[in-house]
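# A closer look at the structure
Residue-level listing of the chains:
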Amino acid sequence: MSSGSPKSRLSVALQRGALAILAFACAACGGAFGTANPTAPGNTSQAPAEQTLWVLGTPGTPFEAMVTDSAASWTFRGVVPQMAVIVNASPGEQMTVTKLSNTAALMTTELITGATLVAEASTNDPFGTTVVQTFGGLAGNAPKANPDVRIFMKGPSGGILNGLIEDFTLSFVFEARAPALFLFEHSDGRVDAVINSVDQGGTIIADALSNGVPVVEASGGPRVLIKFP
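The structure reproduced in this document is the subject of the present report. It should be emphasised that the depicted structure is a prediction, and the values quoted were computed from it without experimental measurement.

Attention now goes to the sheet that holds strand 10 (residues 149–155). The strand order across the open sheet built from 8 strands is 8-7-2-5-13-10-15-16, with neighbouring strands paired in mixed fashion. Every interior strand has two partners, whereas the edge strands, strand 8 (116–123) and strand 16 (213–220), have only one. With strand direction ignored, the average angle separating the axes of adjacent strands in the sheet is 15°. Bridge count between strand 2 (residues 51–57) and strand 7 (residues 107–113): 7 bridges; the pairing is antiparallel. Its bridge partner lying in strand 7, Val55 is registered against Thr109.

In structure tokens form, the structure reads like this:
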């Protein structure tokens with residue numbers, strides 16, 4: 001495994017700088033996003049610090065990922081760079097990423113808790129695989145999430161977004177850089193999302209998916225609301 005070209009390493013360094021800004025903003029936000037539960041699905045309590053999974057490296061490199069914690073697992077495909085977050089995660093997280101490219105493009109995966117880098121792995125190998133996990137790891141992959149509810153914030157590409165994702169019992173404040181995939185574990189009834197454009201970087205494009213099927217497609221700005229069902 002090589003260390004990657006200077007250009008690839010610079011790309012990852014720039015992406016990591018953006019992550020540091022996001023991590024600081026998320027740690028400092030509390031809930032002061034001006035999104036005071038406008039959809040009012042329930043008297044929800046706030047979730048703990050955000051654990052974020054990132055796939056970085058040579059922009060545009062395609063990949064397939066499996067994300068699992070101790071209770072549920074998900075698979076998805078994307079291109080570098082992309083972030084993923086489990087909402088209402090159970091203890092222990094692991095992400096296995098396979099590069100879908102027969103090239104020496106750099107692919108780096110990271111697991112971040114709050115503002116702390118917990119694990120990192122890189123590969124330049126064609127069709128290379130990386131694994132990141134929380135301390136102690138997991139005994140194996142959990143069963144597929146059921147129900148499988150996801151909110152995919154597709155755009156604007158590179159745009160900074162913040163807001164709130166919640167069901168009847170849980171409220172999750174987030175700060176993200178699109179594209180960003182939120183995996184809602186054991187959602188309770190209706191799932192709502194309030195998505196704000198922080199940098200006014202363009203049109204917000206977001207989907208809600210249930211068991212792989214798009215059920216809500218929303219676009220606009222500077223704020224977008226999603227309700228499902």
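Note on placement: Lys99 falls in strand 6 (residues 93–99). Buried charge without a partner: Lys99 forms no salt bridge, and the closest opposite charge is Asp125, 7.0 Å away. In terms of polar contacts, Lys99 uses its side chain to reach the backbone carbonyl oxygen of Ala105, at 2.6 Å. In terms of polar contacts, Lys99 uses its side chain to reach the backbone carbonyl oxygen of Asn124, at 3.3 Å. Sequence-distant contacts of Lys99, defined by excluding residues within four places in its chain, comprise Thr61, Pro62, Phe63, Ala104, Ala105, Met107, Thr123, Asn124, Asp125, Pro126, Phe127 and Gly128.

Let us look at the nonpolar core. Counting residues in each nonpolar core, the largest one holds 30 residues, and the members touching the most others are Ile151, Met153, Ile165, Phe174, Phe182, Ile195 and Ile226. The greatest single-element share of this core, amounting to 4 residues, is contributed by strand 12 (residues 170–177). Ignoring anything within four residues of it in the chain, the contact list for Met153 reads Leu161, Ile165, Phe174, Ala178, Pro179, Ala180, Phe182, Ile195, Ile205 and Ala206. Grouped together as the second largest cluster of nonpolar side chains are 21 residues, Ala65, Ala72, Trp74 and Leu111 included.

Let us look at the packing of aromatic side chains. Under the defined criterion, the tally for this structure stands at 3 aromatic pairs. Seen in terms of ring centroids, Phe63 and Phe76 are 6.1 Å apart; in terms of plane orientation they differ by 85°. Their pairing is edge-to-face. Note that Phe63 is positioned in strand 3 (residues 62–69) and Phe76 in strand 4 (residues 73–79), a separation of 13 residues in sequence. You can call Phe63 buried: its relative accessible area is 1%. Residue classification places Phe76 among the buried positions, given a relative accessible area of 8%. Aromatic pair Phe172 and Phe182: ring centres 6.3 Å apart, planes at 70°, arrangement edge-to-face. Separated by 10 residues along the polypeptide, Phe172 in strand 12 and Phe182 in strand 13 (residues 180–184) bring together distant segments of the chain. Each member of the pair, Phe172 together with Phe182, is buried. Of the aromatic side chains, those joined through ring pairs into one cluster are Phe172, Phe174 and Phe182.

What counts, and at which threshold
- Residues numbered from 1 in each chain as written.
- Predicted model: local features only at pLDDT ≥ 70, side-chain atom pairs only at ≥ 80, totals over all residues.
- Heavy atoms only, no water.
- Pairing = 2+ DSSP bridges.
- Helix = DSSP H or I, 4+ residues; strand = E, 2+ residues; numbered from the N terminus.
- Axes fitted to C-alpha atoms, helices over the stretch in contact; angles between N-to-C directions.
- Buried < 20%, exposed > 50% of the residue type's maximum accessible area, 1.4 Å probe, protein only.
- Lys, Arg positive; Asp, Glu negative; His and termini not counted.
- Salt bridge = Lys/Arg side-chain N within 4 Å of Asp/Glu carboxyl O.
- Polar contact = N/O pair within 3.5 Å; in protein donor to acceptor, adjacent residues only side chain to side chain.
- Contact = heavy atoms within 4.5 Å.
- Core = buried A, V, L, I, M, F, W, Y, C linked by side-chain atoms within 4.5 Å.
- Phe/Tyr/Trp six-rings, centres within 6.5 Å; stacked < 30°, edge-to-face > 60°.

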